[in-house]
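Analysis of the macromolecular model
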Amino acid sequence: MSSQNPIFIPGPTNIPEVLRKAVDMPTIDHRSPLFGRILHPALDGVKKVLKATQAQIFAFPSTGTGGWETAISNTLSAGDKVLATRNGMFSHRWIDMCQRHGLDVSVVTQSWGEGIPADLIEEILTADKGRQIKAVLATHNETATGVRSDIAAIRRALDAAGHPALLLVDGVSSIGCMDFRMDEWRVDIAVTGSQKGFMLPPGLAIVACSPRALASAETATLHRTFFDLRDMAKGYANNGYPYTPPVGLLNGLKLSTEMLLEEGVENVFARHHRIASGIRAAVAAWGLRLCAVRPELYSDTVSAIRVPDGFDANKIVSHAQNAYGVAFGTGLGDVAGKVFRIGHLGSLTDVMALSGIATAEMVMVDLCLPIALGSGVAAAQQYYRQSIDSQKQKAA
Ligand SMILES: *Cc1c(COP(=O)(O)O)cnc(C)c1O
């Protein structure tokens, strides 16, 4: 594995040099005003990236998984009914966590490659006359399959049913890369981590909470201590944490949000879309299919690529690592061995993406798959050239 190569796993993502430097800082007194000057701009920056005005942002020393736990343990009580869709490994794990917390999960099972069926969610919510369902869980971008679900449509389903359930969204592999509208979609809790769209090392669970979600923290009775939003909110009001904060990571988060906002979040989203479209052009040129079954489900942060039947996709990942020092993602769960994944999120350019496509091609040719060297690269080059041309025309 060469550290000179970009990484193509769907998180942790490539860390820009300036962010590595921002994270590496001398110890400061985290109870001094100095800390507040790092903490508050970092939280405000996240809020802007999320297009949130009402929400309060929290950053726990944890990962996305801890963010899930924060979301459920602060808003729900044992035995509460929640509605969730299982369409890949990450939605599966969140459901498993809910069950281990003693929640009563109604699971909508989708085949892997499908999204969350908003129409079915609406039907189930409409039929729930007693308003037993307390929360709807939604994984915005299922990283195992490269499927983006439509959160706006889920909000419309809740509204059409006139249902008061909270909307809890896993945005771990979408936030900071694909459009996310906390206010407009009236998301109650959005969860992410530091190591994906924010391009930082792992170590932070970043959780945005609506006023409604914060209010439910007053009555929810699931056990929580480390992840209690009320303790954290009290700490923030005094420029501090209820325990020792990961100051370097928060300093990184402050700079990361500055970088995203300076590039312009719409430009960040457009960049991810362009890079992803080039990769999809390459996949088509290889004659392969994505795991995501329809174009409107295609993720702009990760592509899960199906390999021909009978071929073990894990061989692509291990050979890429061994021969070329490049990391791709393996298939997880139901699609283990059937797909390999190219992560294309975070600090990435068209040029970097071309190197990943070229590597995948060499690997597949080495492994005797019927793919011509240069075919995917050429398709992506054509796409990138044209998309740059049309950008220039727009600018002119
Ligand atoms: C990575 C990821 C997680 C898990 O995050 P960790 O930081 O590994 O705990 C959860 N959900 C999605 C969609 C992810 O991509």
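Everything discussed here concerns the structure shown above.
Residues numbered from 1 in each chain as written. Predicted model: local features only at pLDDT ≥ 70, side-chain atom pairs only at ≥ 80, totals over all residues. Heavy atoms only, no water.

This brings us to the overall build of the protein. A tally of regular secondary structure across the protein gives 13 helices and 13 strands. Along the three orthogonal principal directions, the C-alpha set of the protein runs to about 60 × 55 × 45 Å. Summarising the internal contacts of the protein: among those between residues at least 6 apart in sequence, 73% fall at separations of at least 24. (Helix = DSSP H or I, 4+ residues; strand = E, 2+ residues; numbered from the N terminus. Contact = heavy atoms within 4.5 Å.)

Let's shift gears to helix H8 (residues 229-237). Count 3.6 residues to each turn of an α-helix, and residues three or four apart come out pointing the same way. Taken residue by residue, H8 has Leu-229, Met-232, Gly-235 and Tyr-236 as its buried positions. Down the axis of H8, the buried side of the element spans an arc of 120 degrees, and every buried residue falls inside it. Summarising the geometry of H8, the exposed residues directed more than 90 degrees from the buried face are Lys-234 and Ala-237. Buried positions along H8 lie against helix H2 (33-49), strand S1 (56-61), helix H3 (64-75), strand S9 (204-209) and helix H7 (211-216). (Buried < 20%, exposed > 50% of the residue type's maximum accessible area, 1.4 Å probe, protein only. Arc of directions from axis to C-beta.)

Attention now goes to the pattern of salt bridges. This model, assessed by the stated rule, comprises 18 salt bridges. Residue Arg-181 pairs with Glu-184 through a salt bridge whose shortest N-O separation is 3.2 Å. The partner of Arg-294 in a salt bridge is Glu-296, with the nearest N and O atoms 3.0 Å apart. Among the residues examined, Arg-294 registers a relative accessible area of 32% and is labelled partly exposed. (Salt bridge = Lys/Arg side-chain N within 4 Å of Asp/Glu carboxyl O.)

Our focus in this paragraph is the packing of H3 against helix H4 (residues 89-100). When two helices pack together, you describe them by how their axes are tilted relative to each other and by the distance separating the axes. The N-to-C vectors of H3 and H4 enclose an angle of 45 degrees; their axes lie 10 Å apart at closest approach. In terms of their interaxial angle, H3 and H4 are classed as oblique. Of the two possible hands of crossing, H3 and H4 adopt the one that is right-handed. Between H3 and H4, the contacting residues are Thr-65, Trp-68, Glu-69, Ala-71 and Ile-72 on the first element and Phe-90, Arg-93, Trp-94, Met-97 and Cys-98 on the second. For the contact of H3 with H4, the per-class residue count stands at seven nonpolar, one polar and two charged. (Axes fitted to C-alpha atoms, helices over the stretch in contact; angles between N-to-C directions. Parallel < 35°, antiparallel > 145°, perpendicular 65-115°, else oblique. Left-handed = near helix turned anticlockwise from the far one by under 90°. Nonpolar A, V, L, I, M, F, W, Y, C, P; charged D, E, K, R; others polar.)

So, about the packing of helix H9 (residues 247-263) against helix H10 (residues 265-285). Across the interface, H9 lies against H10 with an axial gap of 5 Å and an inter-helix angle of 85 degrees. In terms of their interaxial angle, H9 and H10 are classed as roughly perpendicular. Contacts between H9 and H10 involve Leu-260, Leu-261 and Glu-263 from the first element and Val-265, Asn-267, Val-268 and Arg-271 from the second. Class assignment of the residues belonging to the contact of H9 with H10 gives a composition of four nonpolar, one polar and two charged.

It is worth spelling out the site of the ligand at this point. As a matter of local geometry, the ligand sits amid Thr-63, Gly-64, Thr-65, Trp-68, Phe-90, Asn-141, Thr-143, Asp-170, Val-172, Ser-173, Gln-195 and Lys-196. One nitrogen or oxygen atom from the side chain of Lys-196 is found 2.7 Å from an oxygen atom belonging to the ligand. Taken by itself the ligand offers 380 Å² of open surface, and the protein chains cover 88% of this. If one sorts the elements of the shell around the ligand by residue count, H3 sits on top with three residues. Of the residues in the shell around the ligand, the class split is three nonpolar, seven polar and two charged. (Near = heavy atom within 4 Å. Polar contact = N/O pair within 3.5 Å; in protein donor to acceptor, adjacent residues only side chain to side chain. Areas by Shrake-Rupley, 256 points an atom, 1.4 Å probe, with all protein chains shown as cover.)

What follows covers the sheet that holds strand S12 (residues 329-330). The strands that make up a sheet are held in pairs by hydrogen bonds between backbone atoms, and each pair lies either parallel or antiparallel. Spatially, the four strands line up as an open sheet ordered S10-S11-S13-S12, and their pairing is antiparallel. Looking at which strands have only one partner, the edges of the open sheet turn out to be strand S10 (289-290) and S12. Looking at chain direction, S10 and strand S11 (residues 302-306) are connected through two bridges and run antiparallel. By the bridge assignment for S11, Leu-290 is matched with Ile-305. (Pairing = 2+ DSSP bridges.)

Attention now moves to the side chain of Asp-170. Its place among the elements puts Asp-170 in strand S7 (residues 166-170). No salt bridge forms around the buried Asp-170; measuring N to O, its nearest opposite-charge neighbour Lys-196 is 7.2 Å away. Here the side chain of Asp-170 touches Trp-68 through a polar contact of 2.9 Å, side chain to side chain. Excluding residues within four positions of it along the chain, Asp-170 makes contact with Trp-68, Trp-94, Ala-138, Thr-139, His-140, Asn-141 and Val-191. (Lys, Arg positive; Asp, Glu negative; His and termini not counted.)

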